[in-house]
Amino acid sequence: AVGVRYLAGKDVHTVGTIGPGVMNKMTLCSFLTERPDIEMVKVKGRGRRSLESYVDYIHKNFSSIKNVMVVDIEEITISRAIDSVPSMFAYVQR
């Protein structure tokens, strides 16, 4: 969340998530604490069940997020987004 506070461009309103597990659910919570203006989440996962669980979690807990898209990894890495890859690293594209 500290990285989001200091490194994310103020005009970035998308979070890109690789791995829709518990860690990224908590990471998304911390990102939204710093940036409540996030409107879109793009997510890449391997299993249908984990993707559905992540999307449901977002819809139930974050009314400010208007759009959740399941995408391939290339879409996340090339988009202008705050990206999260738990257990490896999280980084911010400007």
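> Sorry, what's going on with the nonpolar core here?
Across soluble globular proteins, nonpolar side chains show a tendency to be buried alongside one another. Val-15, Leu-28, Val-41, Ile-58, Phe-62, Ile-65 and Ile-82 are the most contacted members of the largest nonpolar core, which has 19 residues in total. For this core, the secondary-structure elements that each account for two or more residues are helix H2 (22-34), strand E2 (40-44) and helix H3 (48-61). Tallying contributions element by element places H3 first for this core, with five residues. Not counting residues within four places of it along the chain, the set of residues in contact with Leu-28 comprises Val-15, Val-41, Tyr-54, Ile-58, Phe-62 and Ile-65.

> Before we go on, may I ask you to explain the pairing of E2 in this structure?
Both strand E1 (residues 14-18) and E2 contribute to a ladder of five bridges, which runs parallel. In the sheet register, Gly-16 faces E2, and the bridge partner there is Lys-42. For the segment spanning E1, H2 and E2, crossover handedness is right-handed. Pairing geometry for E2 and strand E3 (residues 67-70), over four bridges, is parallel. When the bridges of E3 are listed, Val-43 appears paired with Val-70. In this fold, the crossover linking E2 to E3 by way of H3 has right-handed handedness.

Calculation rules
- Residues numbered from 1 in each chain as written.
- Predicted model: local features only at pLDDT ≥ 70, side-chain atom pairs only at ≥ 80, totals over all residues.
- Heavy atoms only, no water.
- Core = buried A, V, L, I, M, F, W, Y, C linked by side-chain atoms within 4.5 Å.
- Buried < 20%, exposed > 50% of the residue type's maximum accessible area, 1.4 Å probe, protein only.
- Helix = DSSP H or I, 4+ residues; strand = E, 2+ residues; numbered from the N terminus.
- Contact = heavy atoms within 4.5 Å.
- Pairing = 2+ DSSP bridges.
- Right-handed = clockwise from strand over helix to strand, strands pointing away.

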